[in-house]
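Given next are the chains, with one letter for each unit.
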Amino acid sequence: IAFALISISIFYCKASAAFQEIKIETGKIGSQLPIAGTIVEAKKWKDASGTHLFVISEITKGRFCEPDYASELHAYRFTEEKSVFVKKWEIHNYGENACSTVRYLTGTLKLIDIDGNGAAETSFFYENSHDCCDPITVKYILYKDGVPLPITGQVPMIRDDASSYK
């Protein structure tokens, strides 16, 4: 995982920015678009293919490890068509049971133009953790041309447990 994360970080620095990011107020987005949960991060931009909006939201219900606990992550990509934002795709992931949590890793949402075609690709990290003993599953998602390209790995919860890295 360390090699993949370093490679991705270097890649971010080399990717060109052929798009214009537009400042948005996340508090106004949820009332205008069909978004589940609480918005944790959003970006709006204009590129060669139009104006777009990417939103990450989370839902947490109940108390951790209680029967009613549930955790969800949603990621949406919208494109403006005739002055209205239309949903192009959505990712939905959830905790597998009452003792697992899925959450966005704050600040990892990036816009990058990988191939220099003037259209931004989106990428972000999130994790799925279980009951404080099992390894944490970390996922990097790069969306290019509407196709998710995931990299998944595991990080141990117990310090110096190198056998848990995958």
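Scope of this entry: the structure provided in the associated data block. The numbers attached to residues start from 1 for each chain and follow its sequence in the written order. Note on the predicted model: pLDDT of at least 70 is required for a residue's local features to be given, and 80 or more for side-chain atom pairs to be given and counted; whole-chain, interface and lining totals, by contrast, use all residues. Water and hydrogen atoms play no part in the side-chain values, which are based on all heavy atoms of the structure.

Some thoughts on the overall build of the protein
- The number of helices and strands found in the protein is two helices and ten strands.
- Relative accessibility under 20% of the residue-type maximum defines a buried residue, over 50% an exposed one, and the middle range a partly exposed one, all with a 1.4 Å probe and only protein chains included. Counting all 166 residues of the protein, 42% fall into the buried class.
- Across the protein, contacts joining residues at least 24 apart in sequence account for 43% of those joining residues at least 6 apart.
- Just so you have it, the protein exposes about 9400 Å², and 54% of that area is on carbon and sulfur atoms. Helix and strand assignments come from DSSP, with helices taken as H or I runs of at least 4 residues and strands as E runs of at least 2, each series counted from the N terminus. For this analysis, residues touch if any pair of their heavy atoms sits within 4.5 Å. Each accessible area is a Shrake-Rupley estimate made with a 1.4 Å probe; only the visible protein chains count as cover when residues are assessed.

A look at the nonpolar core
- Formed by 17 residues in total, the largest nonpolar core has its most connected members in F54, I56, L73, I91 and F124.
- Those elements that provide at least two residues to this core are β3 (50-61), β4 (70-81), β5 (84-94), β6 (100-104), β8 (121-130) and β9 (136-144).
- Take the buried Ala, Val, Leu, Ile, Met, Phe, Trp, Tyr and Cys residues and link them wherever side-chain atoms come within 4.5 Å; each set so joined is a nonpolar core. Of all hydrophobic cores here, the second largest spans nine residues; its members include I29, L33, I39 and L53.

Re the state of the cysteines
- For this text, the term disulfide refers to a pair of cysteine sulfurs within 2.5 Å. One pass over the full model with this rule turns up one disulfide.
- Two residues share a disulfide in this structure: C65 and C99, whose sulfurs sit 2.2 Å from each other. Here the residue C65 occupies a position in the loop between β3 and β4, and C99 occupies one in the loop between β5 and β6, the gap between them amounting to 34 residues.
- Look at C99 and you get partly exposed, because its relative accessible area is 23%.

Remarks on the pattern of salt bridges
- Salt bridges are counted wherever a side-chain nitrogen of Lys or Arg sits within 4 Å of a carboxyl oxygen of Asp or Glu. Applying the stated criterion across every chain yields a total of seven salt bridges.
- Across the pair E81 and K88 runs a salt bridge, and its minimum N-O distance is 2.5 Å.
- Taking the relative accessible area as the measure of exposure, E81 reaches 35% and is therefore partly exposed.
- Overall, K88 belongs to the partly exposed group, its relative accessible area being 44%.
- Measuring nitrogen to oxygen at the nearest pair gives 3.2 Å for the salt bridge that ties K144 to D145.
- Residues participating in the shared-partner salt-bridge network are D115, E121, K144 and D145.

What about the sheet that holds strand β1 (residues 20-22)?
- Any two strands with at least two DSSP-identified bridges between them are counted as paired. As summarised here, the arrangement of the five strands in space is β1-β2-β3-β4-β5, forming an open sheet in which the pairing is antiparallel. The open sheet is flanked by β1 and β5, the only strands paired with a single partner. Direction aside, neighbouring strands of the sheet carry axes that sit 20 degrees apart on average.
- Two elements, β3 and β4, share ten bridges in a ladder whose sense is antiparallel. Counted as the bridge partner of I56 is A75 from β4. Helix axes use the C-alpha atoms of the stretch in contact, all axes being lines fitted to C-alpha atoms, and the angles between their N-to-C directions lie in the range 0 to 180 degrees.

A short note on the pairing of β8
- Counting buried residues along β8, ten of its ten residues qualify, which places the element largely inside the surrounding structure.
- Of the strand pairs in this sheet, β6 and β8 are connected by five bridges, and their pairing is antiparallel. Residue pairing for β8: T101 is matched across the bridge by S129.
- Relative to β8, strand β7 (residues 110-112) runs antiparallel, the two sharing three bridges. Note that in β8 the partner of K110 across the bridge is S123.
- Looking at chain direction, β8 and β9 are connected through seven bridges and run antiparallel. Within β9, the position partnered with F124 by the bridge is I141.

Remarks on unusual backbone geometry
- Within the chain, K82 stands out as a residue other than glycine whose phi angle is a positive 50 degrees.
- Take K82: it is sitting in the loop between β4 and β5.
- K82 sits in the exposed class, given a relative accessible area of 84%.
- Non-glycine residue S83 carries a positive phi angle of around 70 degrees.
- Here S83 is to be found in the loop between β4 and β5.
- Accessibility expressed as a relative area gives 68% for S83, which makes it exposed.

Read these as spatial facts, not as claims about activity.
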